[in-house]
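Structural features, examined
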There are 4 protein chains.
Amino acid sequence: MIRIGIIGYGYWGPNLVRNFAVTKNCKIDFICDFNITRLQVINKLYPEIEATNDINKILLNPNIDAVIIATPVFTHYNIAKTALQNNKHVLIEKPMTSDVASSIELIKIAKTKNLTLMIDHTFLYTDSVNKIKHFINAGELGDLNYFDSTRINLGLFQPDVNVLWDLAPHDISILLYLNNEFPISVNATGISHTGNDIENIAYLTINYQSNFIAHINCSWTSPTKVRSTLIGGNKKMVIYNDLEPSEKIRIYDTSYQFKNTEDKNKILVDYRIGDIHLPKITNSEALLGVANDFIESINHNKVPISNSEIGLSVVKILEAAQKSIKSKGKEIKL
Amino acid sequence: MIRIGIIGYGYWGPNLVRNFAVTKNCKIDFICDFNITRLQVINKLYPEIEATNDINKILLNPNIDAVIIATPVFTHYNIAKTALQNNKHVLIEKPMTSDVASSIELIKIAKTKNLTLMIDHTFLYTDSVNKIKHFINAGELGDLNYFDSTRINLGLFQPDVNVLWDLAPHDISILLYLNNEFPISVNATGISHTGNDIENIAYLTINYQSNFIAHINCSWTSPTKVRSTLIGGNKKMVIYNDLEPSEKIRIYDTSYQFKNTEDKNKILVDYRIGDIHLPKITNSEALLGVANDFIESINHNKVPISNSEIGLSVVKILEAAQKSIKSKGKEIKL
Amino acid sequence: MIRIGIIGYGYWGPNLVRNFAVTKNCKIDFICDFNITRLQVINKLYPEIEATNDINKILLNPNIDAVIIATPVFTHYNIAKTALQNNKHVLIEKPMTSDVASSIELIKIAKTKNLTLMIDHTFLYTDSVNKIKHFINAGELGDLNYFDSTRINLGLFQPDVNVLWDLAPHDISILLYLNNEFPISVNATGISHTGNDIENIAYLTINYQSNFIAHINCSWTSPTKVRSTLIGGNKKMVIYNDLEPSEKIRIYDTSYQFKNTEDKNKILVDYRIGDIHLPKITNSEALLGVANDFIESINHNKVPISNSEIGLSVVKILEAAQKSIKSKGKEIKL
Amino acid sequence: MIRIGIIGYGYWGPNLVRNFAVTKNCKIDFICDFNITRLQVINKLYPEIEATNDINKILLNPNIDAVIIATPVFTHYNIAKTALQNNKHVLIEKPMTSDVASSIELIKIAKTKNLTLMIDHTFLYTDSVNKIKHFINAGELGDLNYFDSTRINLGLFQPDVNVLWDLAPHDISILLYLNNEFPISVNATGISHTGNDIENIAYLTINYQSNFIAHINCSWTSPTKVRSTLIGGNKKMVIYNDLEPSEKIRIYDTSYQFKNTEDKNKILVDYRIGDIHLPKITNSEALLGVANDFIESINHNKVPISNSEIGLSVVKILEAAQKSIKSKGKEIKL
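Residues numbered from 1 in each chain as written. Chains lettered and ligands numbered in written order. Predicted model: local features only at pLDDT ≥ 70, side-chain atom pairs only at ≥ 80, totals over all residues. Heavy atoms only, no water.

**Observations regarding the relation of the copies chain C and chain D**
Overlaying chain C with chain D gives an RMSD of 0.0 Å, the required rotation being 180° about an axis along which the chain moves by 0.0 Å. When the rotation and shift are considered jointly, the pair of chain copies conforms to a two-fold rotation axis. The position closest to the rotation axis in chain C is occupied by the C-alpha of C:Lys330, lying 2.5 Å away. Most of the interface of chain C is mirrored in chain D: 100% of its interface residues are interface residues there too. (Least-squares fit on C-alpha atoms with pLDDT ≥ 70 in both. Contact = heavy atoms within 4.5 Å.)

**Focus on the packing of aromatic side chains**
For the structure on display, the rule yields 24 aromatic pairs over all chains. Plain terms: the ring middles of C:Tyr256 and D:Phe157 are 5.4 Å apart, the flat faces sit at 45° to each other, and that makes the pair tilted. Within this pair, whereas C:Tyr256 is found in strand E13 (residues 249-259), its partner D:Phe157 is found in the loop between strand E7 (144-154) and helix H7 (163-178), the two belonging to separate chains. With respect to class, C:Tyr256 is no different from D:Phe157; both count as buried. Taken together, a centroid distance of 6.5 Å and an interplanar angle of 35° make the contact between C:Tyr271 and D:Phe157 tilted. One end of the pair, C:Tyr271, is in strand E14 (residues 268-278); the other, D:Phe157, is in the loop between E7 and H7, on a second chain. Residue classification places C:Tyr271 among the partly exposed residues on the basis of a relative accessible area of 31%. Sitting above the plane of the A:Tyr177 ring, A:Lys133 keeps its charged end 4.6 Å from the centroid. (Phe/Tyr/Trp six-rings, centres within 6.5 Å; stacked < 30°, edge-to-face > 60°. Helix = DSSP H or I, 4+ residues; strand = E, 2+ residues; numbered from the N terminus. Buried < 20%, exposed > 50% of the residue type's maximum accessible area, 1.4 Å probe, protein only. Lys NZ or Arg CZ within 6 Å of the ring centre and 35° of its normal.)

**Comments concerning the pairing of strand E12 (residues 237-241) of chain A**
Residues and elements named next belong to chain A. With respect to burial, E12 is a largely interior element, four of its five residues being buried. Taken together, the five bridges between strand E11 (residues 221-233) and E12 define a ladder with antiparallel strand orientation. Bridged to Ile231 within E12 is Val238. Counted along the chain from E11 to the antiparallel partner E12, the turn is three residues long. (Pairing = 2+ DSSP bridges.)

**Points about the relation of the copies chain A and chain B**
The two copies are related by a screw operation: chain A maps onto chain B through 180° of rotation and 0.0 Å of translation along the axis, at an RMSD of 0.1 Å. A shared interface surface links the copies, since 100% of the contact residues of chain A are contact residues in chain B too.

Pasting the structure below:
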């Protein structure tokens, strides 16, 4: 039985509690938050869990095996470090930390102490993303050519991180999960309409050694919500629309093929447009998959799907993207 | 009565002929093309027009007042120059020419000779774009914050120009038409999947002195066709979906406002989400508007809507974009 | 403080409990259900409410002021009658009872005893339906011409009532709420694919003295879910799509007008197609409105919006529809 | 070489001419219309065809082999009869005639004289309808349970026929083509908002001996255009949306199965919701298929797909539907 302490009961915390509460082989002992009203809510909903504003009741508690961190990004590193140093397995809300160096340090500590360090990239546990991964791995899409994601809506402006740090971790983690190749560089542009230098619109291109390219368009200032990703292979292409209640994935039996031609000024392209296939998607809650993977990874000493390497890669790309934006879109090597 | 010669009867030429044939105060005397089959088609459809493969029958003909050029981009400059030098008014298919220098030269000749030089940026004559312009000019959107356009489909790979030169002229001309501010620089990234260094996917950011930003996403390799533009003001926002048969424009009474706050770590944002308004769009053929504007501009010595300055600006942005792609996304000043 | 007993904790009961639990001026004392597992759930979720399988603890309890009935339709009459006879206000899940006679009897008892008798036609408390009612009452639609509703999905086959009794109460109650005219007759057709004579597909036409007509298409056997209603006036028309997350109502500034013509063989029609307006819809929970209306109607001795007369009218139409189906579609007077 | 005379050059006539002009083994000699402007249009577009207002130049011309009738419905019978009596093959615009008796008479004459008599039910030649027929015939849908069609828009009010005669022939011919069983009766309701007793909204139920039911909802007074048909089998279901530019057909791998149960009050249903498949639809012009079938049927003395028996069945159902509407929805046997 893994004894758990959850730190942070703001936007995402309640979802974590709700899911870990029904996960096998674990028990939530403490939830820590600094907001008194939230503590009262916890007491009412979960009288058997101790609600506290004293973070050390969790971090220094020898009975606690695992700590789940759902606090603002800039606090992740310190809390996670203390937890690991006190021999606790750690699950951190995405993104892992606010810079590459701190993420690397956490990984080092976890490795040394043989502790599970996992990042909550929830989308890696959705049926949609796993169906796409299945089709890619089965070779149905052929060689991947591009990944183009749009994640825009009228969103909550964050005071500490820009729109890429807020929204793009979803797309980047999915991209890293689906395509094994690691990118070589990024370019990013963006704008802040608040005058505080924190971009509310940003465009990110991720470059690869191979013929593959990725692009992510993020905005907090769109009048309509879009969650759409195009993934093109040289055999088939996929559109993943996460806002569709059930028809989230469309597989297009569409492709084009270049033919050799002696005339250098001509391109001969064979287009093929075929059927479209909408596989059934199960709407089970992805966060329950996160919870199960975390507990099982601890119990079986296995590497979780959303592991710290993916978490680090996401931070690497975000950090480089931010550097690119601040360097007027210059290419930043990874 | 303006006597017209049309050069090029490929993809767009027939549309030009069809529309100029019903435009007042003009008459098509010649159509020139090098393809014999096309000349036969012209003879059958328009027995009263002379179909020829001799371009000089138009360019050197003293009875011809105006020349319309619908040939491949790289030929625009030479044909237009000869036409202007022979005192003909000129309408050129978009984009104007394949580089800034040649566009500037054409403008200079036209100015000296007081000839109309117009570029066929057809979208400036659609009811959709003009409705949006009307709302912007009336102050309904407030100050403009962003323009974000997606123009992707399974498109014909061009052998001589990349996807930006092929598709982005539409978005750039609309952008220049709607927003009077001239941009200061661009960043662009892209990829060629054909191995010929001609990008079939490209992402373009256009930067401004003010708080405004524009982004254009173009691809010939999408399984689905998208023609969608978001335009955000600080009062209202617009989504323009050109694929909708009648509901092309949605005006969102949606905005956000930043409030002053003493705490630097906080952003106070007031969100307002209101009604959506879909103005009726008239589906009249835009190219007929182009034809009328060309003939009237000649007859009344007025500046056409889609004038050579807009044409030049489009080429400036495209040329800079191409330079940026080839410089790994570096900012290129305009 | 109105003391409440809720009878039935199956599909809808939990929603009633959740909403009445946060409604002012009332308190749920008892929930009755025959299923032990459900009683245990109640004990866990609501330790302060007594969960019981003894219905008389509610019906015969002198401390209970109001009874809410969420049991199968065929039990409504008996439970409601006993409740009213024991001087309790009553809220019944739709449809009111399974035949007209019993509904009339309940109304009579409630009237005699001056008790509130209300039916839970939840849709009358949605912002969507009330926005439409507002536009109709303001004369924006002009004279109403038709109401055409489709309510189909892959639904749970009911063992005791056909698809009309299951799904059409929503449409009929909305229709009666929006249009004050009472219909004169119905025609209905349908089919049972189960061999038990209980229709899983049915089509209902509702006829009026005036120029108005209503039609409702219900099915449990559609591969896709549709919740769509067209309402046509002679000035404007409305499409109400309840599946849209936020854009539930579209008001079309579209109409046609007939002109007098001497030639009897000709119809002169003026068509007008104008803008479309999507008013903002608030997604507040309608059932909370039901709860508030019930409690306030008791406390202020007022007639609730979803009153027993509407409930009776719905049953009248359903009973006539069933008679029509069994009489091969014959018109049945109301 | 079949020599053709086309009678009627109103709404549909030009489409017939355009398609027969490019059909092999036939030649249009005459087009007849009473409108002088239309005759001038014909002269301009087709100088090689004789445009006439003298119908007898076609009907009594011994050189004419086949007559195509695209005039108002009430004139079909007389023209077709004269044509057949003068030994001409006949293609009639849908619906065949305005009553059953006259349709039967035409069939009898055609049979006696061994002439091809064909009705232009164009939808039977679309790739969409044939794809559905293919899936049905291959047993993919299993046993058919229902057909539910909605064909509504802001339509041209016809002065002589109601909305069912105008729009429903499409749905009825598709229904008869897809399902071999002949219906036993119909019920129909409707309303006329013009005061001329010609219904502009109508609802038609078509009843079968078996467990199958069909329903068609037609209106000239909808603010939006809908062309949607649901076809349910006990294995799979189809939605056919003719307004989709390319994704016209969706095949749902969805079904339900009833299980035997001892408890008469219970229904045990197994629901299965699976993938959705969108077969590629070719957008070739269906009317060209009509033209080819007509000419080949004449030349090879074969029965065309859209033959006179289907034409007659459509008229039978329409006539019965009209009788039902005028008898207040009473069932009318076929």
